[in-house]
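Listed here are the chains, written in short residue letters.
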Amino acid sequence: MRPIDEYFLQKDEPIKSYLHFLRAHILQFNSDITEAWKYGMPFYCYKGKMFCYLWVHKKHLQPYLGIVEGKRLEHPDLIIEKRARMKILLFDAAKDIPVKLVDDILQKAIALYN
């Protein structure tokens, strides 16, 4: 089994289902997005450049979508914390996935690469 697949399978519910949905959603969002295993985490590249990643916040124990060029994006739901370049969209795995919000942020992030 590939490390990237193992990463998703080892998570407990409801985080596992949340991350599985986000994984599939990101990959179908744009045909130029591909999946890669980098730095021990699932990364998504847009036209070969690192674009976003999925992870679980160590303090909040909740899934999040990390945006590589997040510092260049202004959005009230993106959090920078102590990161220099990236911002995250933190989710509550007990709630429904805010698909429209995810799509909005992904679209704005893609625009930075075009």
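See the structure printed just above.
Cut-off values and rules
- The written sequence of each chain sets the order in which its residues are numbered from 1.
- Given that the model is predicted, a residue must reach a pLDDT of at least 70 before its local features are reported, and side-chain atom pairs must reach 80 or more before they are shown or counted; all residues, however, enter totals for whole chains, interfaces and linings.
- Only hydrogens and water are removed before side-chain values are computed, so all heavy atoms of the structure are retained for them.
- Segments assigned H or I by DSSP are reported as helices when at least four residues long, segments assigned E as strands when at least two residues long, and all are numbered from the N terminus.
- Taken over C-alpha atoms, the radius of gyration is set against a globule rule of 2.2 Å times the number of residues to the power 0.38.
- Pairs of residues are marked as contacts when any of their non-hydrogen atoms sit within 4.5 Å.
- Salt bridge, as used here, is a side-chain nitrogen of Lys or Arg placed within 4 Å of a carboxyl oxygen of Asp or Glu.
- Multiplying 1.5 Å by the helix residue count minus one yields the expected span of that helix.
- Buried, partly exposed and exposed residues are distinguished by accessible area as a fraction of the type maximum, computed with a 1.4 Å probe on protein chains only: under 20%, between the cut-offs, and over 50%, respectively.
- Ring pairs are drawn from Phe, Tyr and Trp, using the six-membered ring of Trp, whenever the two centres fall within 6.5 Å, and their geometry is named by plane angle: stacked under 30 degrees, edge-to-face over 60, tilted for the rest.

Visitor: Run through the overall build of the chain, naming residues and quoting values.
Guide: When helices and strands are tallied, the chain shows three helices and five strands. Element order for the chain, N to C, with α for helix and β for strand: α-α-β-β-β-β-β-α. Rg of the C-alpha trace for the chain: 13 Å, near the compact-globule value of 13 Å for 114 residues, within the 12% margin. A principal-axis box enclosing the C-alpha atoms of the chain has dimensions of 35 × 30 × 25 Å. Long-range contacts, defined here as pairs at least 24 residues apart, represent 48% of the contacts in the chain between residues at least 6 apart.

Visitor: Explain the pattern of salt bridges to me, using residue names and the numbers behind them.
Guide: In the structure shown here, the tally under the stated rule is eight salt bridges. The closest approach of N and O atoms between D5 and R23, which form a salt bridge, is 2.7 Å. With a gap of 18 residues between them, D5 in helix 1 (residues 3-9) and R23 in helix 2 (residues 15-29) connect regions that are remote in the sequence. The salt bridge involving E69 is made with R85; its shortest N-O contact spans 2.4 Å. With E69 in the loop between strand 4 (63-67) and strand 5 (87-90) and R85 in the loop between strand 4 and strand 5, this residue pair connects regions lying 16 residues apart in the sequence.

Visitor: Go over helix 2 with me, naming the residues and quoting the values.
Guide: With 15 residues, helix 2 should reach 21 Å at 1.5 Å per residue; the first-to-last C-alpha distance of 21 Å fits that figure. Turning to helix 2, its buried residues number three or more, namely I15, Y18, L19, L22, R23, H25 and I26. Each element contacted by the buried residues of helix 2 is listed here: helix 1, strand 1 (33-38), strand 2 (41-46), strand 3 (49-56), strand 4 and helix 3 (99-111).

Visitor: Can you lay out the packing of aromatic side chains for me, pointing to particular residues and giving the numbers?
Guide: Inspection of every chain in the model, using the stated rule, returns 10 aromatic pairs. Their ring planes at 80 degrees and their centres at 5.2 Å tell us that Y7 and F8 sit as a pair that is edge-to-face. No difference in accessibility class separates Y7 from F8, as the two residues are buried. Between Y18 and F91, the ring centres sit 5.4 Å apart and the planes meet at 55 degrees, which makes this aromatic pair tilted. Of this pair, Y18 sits in helix 2 while F91 is found in the loop between strand 5 and helix 3, placing the two residues 73 residues apart along the sequence. Owing to a relative accessible area of 4%, F91 belongs among the buried residues under this scheme. The structure contains a cluster of three or more aromatic residues connected by ring pairs, namely Y7, F8, W37 and W55.

Visitor: Just give me the short version of the environment of K95, but keep the residues and values in it.
Guide: Its place among the elements puts K95 in the loop between strand 5 and helix 3. For K95, a relative accessible area of 57% gives the class exposed. Placed 81 residues apart in sequence, K95 and P14 show a C-alpha to C-alpha distance of 9.7 Å.

Such coordinate-based values are descriptive only and should not be taken to indicate function.
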